[in-house]
Number of protein chains: 2
Amino acid sequence: MNKMHKEHNLTKNQKIIFDLIDKSPQPLKAYSILYNVQKKGIKAPLQVYRALDKLVEIGKIHKIESRNAFIACHNSSCQVAKATAFSICEICEKVTEISSTGLSKYLANFKDKDGMKYSKYNLEFFGLCKKCTLK
Amino acid sequence: MNKMHKEHNLTKNQKIIFDLIDKSPQPLKAYSILYNVQKKGIKAPLQVYRALDKLVEIGKIHKIESRNAFIACHNSSCQVAKATAFSICEICEKVTEISSTGLSKYLANFKDKDGMKYSKYNLEFFGLCKKCTLK
DNA sequence: TTTTTAGTTGTTATAATATAACACTATGTA
DNA sequence: TACATAGTGTTATATTATAACAACTAAAAA
Ligand SMILES: [Zn+2]
Ligand SMILES: [Zn+2]
Ligand SMILES: [Zn+2]
Ligand SMILES: [Zn+2]
């Protein structure tokens, strides 16, 4: 009955969940997403995880593996989630997606001892953000 | 009553769990570790997680975040777990710790746009291992 | 149009991963 | 001794994620 949302062909559940993540200043966890969308009719964990899986697959969001949390992609160059880098503040847990041409070129071309190249990577930096450094 | 194990001052539980991980050719998950050490008197998840936490902290093992699994460190240069890189085969799930001076220097000196430097990082590369490429 | 196909949905139940809280034990230091 | 720090054993519980199945939707093929 409902048309898919025009932008990126997201379905209704995908759109609801993407919008929530996109508006959030920090990464959101799956069950916190669930609590926040129950009023919109999304009642079960699976409905959330299915949307998250799809959104990750198409590169609209990324999973912060060390936090089991999800953040919207704001880096037009990684619309397919295969080369991601983040900085994570160990005090306030602020997460920022890093988009550095130098870094992504370096990693995309990295070969190990066997000359093996990789199709994908995820890099997480940890430290203190500007704000937390000044405290 | 028991003296701590001389090597690295591991306690009894830490030693049992480290030995198991160290002997394993692939990363082990916490509950698979639990099943494998029950005959040695370790009965509860917490006993495993506590040992794992400590072993990670002192750099004897690393956590593969994207797999929730643990691997022994075989890289003498990262005995404190603050700069880790792994290659992960997406078919056979083989994981190898990467020790590349070039890579670690590049990442240790990486500064983002704000000039922020990081105290720690974890990098996971994904692709096909040699064996799986040939199939 | 009808049929088929792939994908998404809603639902209940359950699996897998990880931590809280508390009483106790061992060890090193003063 | 007294005290501090770290590890242990235990029960219970929290958090994260998937299995299985029936129904529905959208889009493409016939
Ligand atoms: Zn991105
Ligand atoms: Zn901060
Ligand atoms: Zn290591
Ligand atoms: Zn392989």
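Attention here is on the structure that accompanies the text.

The next subject is the interface of chain A and chain B. The interface of chain A with chain B comprises 28 residues on the first partner and 28 residues on the second. When chain A packs against chain B, the two sides together hide about 2500 Å² of surface, and 64% of this comes from carbon and sulfur. Sorting the residues of chain A by area buried against chain B places Tyr106, Phe125 and Phe126 of chain A first, and these three jointly supply 21% of that buried surface. Applying the counting criterion to the chain A and chain B interface returns 2 salt bridges. Its salt-bridge partner being lysine 120 of chain B, residue glutamate 90 of chain A comes within 3.4 Å of it at the nearest N-O pair. Put simply, chain A and chain B have 12 residue pairs in polar contact (both at pLDDT 80 or more) between them. Where the side of chain A that touches chain B is concerned, the elements lending two or more residues are helix H4 (101-108) and strand S5 (120-127) of chain A. Among the elements that line the side of chain A that touches chain B, the one with the most residues is S5 of chain A, at 8 residues. Residue composition of the side of chain A that touches chain B, grouped by class: 13 nonpolar, 8 polar and 7 charged. Bridge count between S5 of chain A and strand S5 (residues 120-127) of chain B: 7 bridges; the pairing is antiparallel.

Bringing a nonpolar patch on the surface into the picture now. Residues and elements named next belong to chain A. A cluster of nonpolar residues, Tyr31, Tyr35, Leu46 and Tyr49, forms a patch on the protein surface that exposes about 440 Å² of accessible area. Contributing elements (two or more residues each) for the nonpolar patch: helix H2 (30-37) and helix H3 (45-57). In this structure, tyrosine 35 sits in helix H2.

All names here are of chain B. Throughout the structure, instances matching the rule amount to 8 salt bridges over all chains. When the shortest N-O distance is used, the salt bridge between aspartate 19 and lysine 15 registers 2.4 Å. Taken together, the positions of aspartate 19 and lysine 15, both in helix H1 (residues 12-23) and 4 residues apart, correspond to about one turn of that helix. A relative accessible area of 25% means that aspartate 19 is categorised as partly exposed. Exposure remark for lysine 15: the relative accessible area of 17% places this residue in the buried category. One salt bridge in this structure joins glutamate 93 and arginine 67, with 2.6 Å as the shortest N-O distance. Of the two residues, glutamate 93 sits in the loop between strand S3 (83-89) and strand S4 (95-97) while arginine 67 sits in the loop between strand S1 (61-64) and strand S2 (69-72), which places them 26 residues apart along the sequence.

Definitions and cut-offs
- Residues numbered from 1 in each chain as written.
- Chains lettered and ligands numbered in written order.
- Predicted model: local features only at pLDDT ≥ 70, side-chain atom pairs only at ≥ 80, totals over all residues.
- Heavy atoms only, no water.
- Contact = heavy atoms within 4.5 Å.
- Buried area = accessible area lost by both parts, 1.4 Å probe.
- Salt bridge = Lys/Arg side-chain N within 4 Å of Asp/Glu carboxyl O.
- Polar contact = N/O pair within 3.5 Å; in protein donor to acceptor, adjacent residues only side chain to side chain.
- Helix = DSSP H or I, 4+ residues; strand = E, 2+ residues; numbered from the N terminus.
- Nonpolar A, V, L, I, M, F, W, Y, C, P; charged D, E, K, R; others polar.
- Pairing = 2+ DSSP bridges.
- Patch = residues over 30% accessible without salt bridge, like charges linked within 9 Å, V, L, I, M, F, W, Y side chains within 5 Å.
- Areas by Shrake-Rupley, 256 points an atom, 1.4 Å probe, with all protein chains shown as cover.
- Buried < 20%, exposed > 50% of the residue type's maximum accessible area, 1.4 Å probe, protein only.

So yeah, pure geometry; function would need other evidence.
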